[in-house]
Amino acid sequence: MMIEKKVKIINKAGLHTRPAATIVKMASKYKCDFFINRDGMSINGKSIIGVMTLAAEMGSELTLVFDGEDEQQAAEEIVSYFERGFDEL
Amino acid sequence: MIKIDEKNIVRKEFITVKFLYEHASKICKLKLVTKEHNLENKIIDQNLHRPGLALAGFVDLFSYTRVQVYGNTELRYLEKLNDEQRRHSLRRVFEFNIPCIVITDGNKPDSIFLEEAAKFGVPIFTTEFSTTKLVYLLSDFLDDQFAPRLTVHGSFVDVYGVGILFMGKSGIGKSEVTLDLIERGHRLVADDVIILTKKGEGILMGTGTDLGKHFMEIRGLGIIDVERMFGIRAIRYQKRLEIIVELEIWNDSSDYTRTGLDGRTLPIMDVEIPYVKLPILPGKNITVISEVIALNYLLKHYGYDSAHIFQERLAEKLKAKTSNDNRGINYFEHDFE
């Protein structure tokens, strides 16, 4: 099983350092693999450099991929954080 | 064995003429002689084309999607024609949707050439390089641009000149091993996000991203700038991928190689890369083992395969049937040091 979710960056500042760190922290709690894909680039969502490397600005579209035993919980928490615009709306 | 997800292999579908101009003009000494029109034309083919036959009128099978190279042959031919014929000949070619033209050997387009190019919106570059040299340089640039790429997660280090990519789960200690190697004088290529590009047959080149270049994260510490901290000797921009080392927590059911005779490889974009799976155990110095992996690779490269030599020695011993006399030295001389 694997969960794939498309998300859009909706906050003004984009995926900057603070949300990147928060995402990595959230993801690291879970056992499942977590990847973020953008324009054919696939990075590990548990690494801060990786997430920052995406340089995802407002309006960009990402695909989140969760794979592993607790993927359901991980997907719920992280997707909701994206949908809340990293609590910056 | 580690899974490499190849569904994310990307290959550029096109580059714009503008991109070519911005990135290859220095290498190929390109000068734009038309106005900056149609620089958004797309180049979709890495090959080049010399349009001699097309200019002469044979336009069946004309490879018009390629960058067109006009050398001495094409220019001399056009010079031989009168104005009317030249205009006609150029028009016949320009009617196709060609991306751009490069005129080599310091040749210059005449006024009719420029007029027609402006009318059809064809960008023209000149270069002082000979056709052969230009074709060589430009092909190499285009080959690289259109080569398949894949991003992988890991740490990529040059150890004694051997490109080792450390892979494994998050938090297993790839970055720590890398930092240790840098401290011992080896060079970081990239940490975390590695972009592999297939060059030719059987070669993968690895580099980092432009943003993440030579930064790395050490858990519990945060982000560090390796170039600033350790200096220019501690980094490099690109390296051929030669060995993949997968780190994993010791696993009783995992099948670790004992003799090294099996020569395991991992296919990435159809290139077989030597592959080592290293279990992590307390007291095990992964850094030193990585250096040994690199040295062993170099020995093999220069024709000495330790595991094979040992195997041969065993075979000889078995043949000679002298296995009861197995001390490393036959006789200790009067030297009790």
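This one's a predicted model, so the numbers in the text were calculated from it and none came from an experiment.

Rules used in this analysis
- Residues numbered from 1 in each chain as written.
- Chains lettered and ligands numbered in written order.
- Predicted model: local features only at pLDDT ≥ 70, side-chain atom pairs only at ≥ 80, totals over all residues.
- Heavy atoms only, no water.
- pLDDT = per-residue confidence, 0-100.
- Helix = DSSP H or I, 4+ residues; strand = E, 2+ residues; numbered from the N terminus.
- Core = buried A, V, L, I, M, F, W, Y, C linked by side-chain atoms within 4.5 Å.
- Buried < 20%, exposed > 50% of the residue type's maximum accessible area, 1.4 Å probe, protein only.
- Contact = heavy atoms within 4.5 Å.
- 1 Å grid on protein atoms, 1.4 Å probe; cavity = no way out; pocket = protein on both sides within 12 Å on 5 of 7 lines; lining within 4 Å.
- Points joined across faces, edges and corners; volume = space filled by probe spheres on them.
- Phe/Tyr/Trp six-rings, centres within 6.5 Å; stacked < 30°, edge-to-face > 60°.
- Lys NZ or Arg CZ within 6 Å of the ring centre and 35° of its normal.
- Pairing = 2+ DSSP bridges.
- Axes fitted to C-alpha atoms, helices over the stretch in contact; angles between N-to-C directions.

Visitor: What is the right way to read the confidence of the model for chain A from this model?
Guide: When pLDDT is low, close inspection of the predicted coordinates is not appropriate. Averaged over all residues, the pLDDT of chain A is 91; the fraction at 70 or higher stands at 100%. Mean pLDDT in chain A bottoms out at strand 3 (residues 41-44) of chain A, which sits at 88, and peaks at helix 3 (residues 71-83) of chain A, which reaches 94.

Visitor: Is there a simple way to think about the nonpolar core in this case?
Guide: A general feature of soluble globular proteins is that nonpolar side chains tend to end up buried together. All names here are of chain A. Ranked by internal contacts, the top residues of the largest apolar core, which has 31 residues, are Leu 15, Leu 64, Phe 66 and Phe 82. Within the residue set of this core, elements represented by two or more residues are strand 1 (3-8), helix 1 (17-28), strand 2 (33-38), strand 3, helix 2 (48-53), strand 4 (61-67) and helix 3. Broken down by element, this core gets its largest block of residues, six residues, from helix 3. Those residues in contact with Leu 64 that lie beyond four places of it in its chain are Ile 3, Glu 4, Lys 5, Val 7, Phe 34, Phe 35, Ile 36, Ile 78, Val 79 and Phe 82.

Visitor: I keep staring at the confidence of the model for chain B and nothing clicks. Help me out?
Guide: Scored by pLDDT, chain B comes out at a mean of 90, with 99% of its residues at no less than 70. The ipTM assigned to the predicted complex is 0.84, against a pTM of 0.82.

Visitor: When you look at empty space enclosed by the protein in this model, what are you seeing that I'm missing?
Guide: Picture a little ball the size of a water molecule; that probe, rolled over the atoms, points out where space is still empty. Applying the stated criterion to the full structure yields one cavity of 30 Å³ or more. A:Ile49, A:Thr53, B:Ala190, B:Asp191, B:Val193, B:Gly208, B:Thr209 and B:Gly212 are the residues that line the largest cavity. Of all the secondary structure elements, the ones that give two or more residues to the lining of the largest cavity are helix 2 of chain A together with strand 10 (187-199) of chain B. Of the residues forming the lining of the largest cavity, the biggest block, three residues, is contributed by strand 10 of chain B.

Visitor: Whenever I open this one, the packing of aromatic side chains confuses me. Can you help?
Guide: Each aromatic ring pair is specified by the distance between its two centres and by the angle formed by the two planes. Residue and element names in this part refer to chain B. Inspection of every chain in the model, using the stated rule, returns 10 aromatic pairs over all chains. On the basis of an interplanar angle of 50 degrees and a centroid distance of 6.3 Å, the ring pair of Phe 62 and Tyr 64 is categorised as tilted. Residue Phe 62 is classed as buried on the basis of its relative accessible area of 8%. Relative accessible area serves as the criterion here: at 32%, Tyr 64 is assigned to the partly exposed category. Here the aromatic cluster, defined as three or more aromatic residues joined through ring pairs, consists of Tyr 70, Phe 94, Phe 113 and Phe 120. Sitting over the face of the ring of Phe 14, Lys 42 holds its NZ or CZ atom 4.4 Å from the ring centroid. Directly above the ring of Tyr 237 sits Lys 213, whose terminal nitrogen or CZ lies 4.8 Å from the centroid.

Visitor: Where do I start with the sheet that holds strand 8 (residues 149-159) of chain B in this structure?
Guide: Backbone-to-backbone hydrogen bonds pair the strands of a sheet. The strands run either parallel or antiparallel. Residues and elements named next belong to chain B. Read from one edge to the other, the open sheet built from eight strands follows the order 14-11-10-8-9-15-17-16, with strand pairing classed as mixed. Each having just a single partner strand, strand 14 (238-240) and strand 16 (265-268) make up the two edges of the open sheet. Averaged over neighbouring strand pairs, the angle between their axes works out to 40 degrees when direction is ignored. The sheet strands contacting helix 7 (residues 174-183) are strand 8, strand 9 (162-167), strand 10 and strand 15 (243-249), and the helix crosses strand 8 at an angle near 35 degrees.

Visitor: Would you mind going over the environment of B:Phe215 with me for this structure?
Guide: Tracing the chain through its elements places B:Phe215 in strand 12 (residues 215-218). With 10 residues separating them in the primary sequence, B:Phe215 and B:Asp225 have C-alpha atoms 4.6 Å apart.

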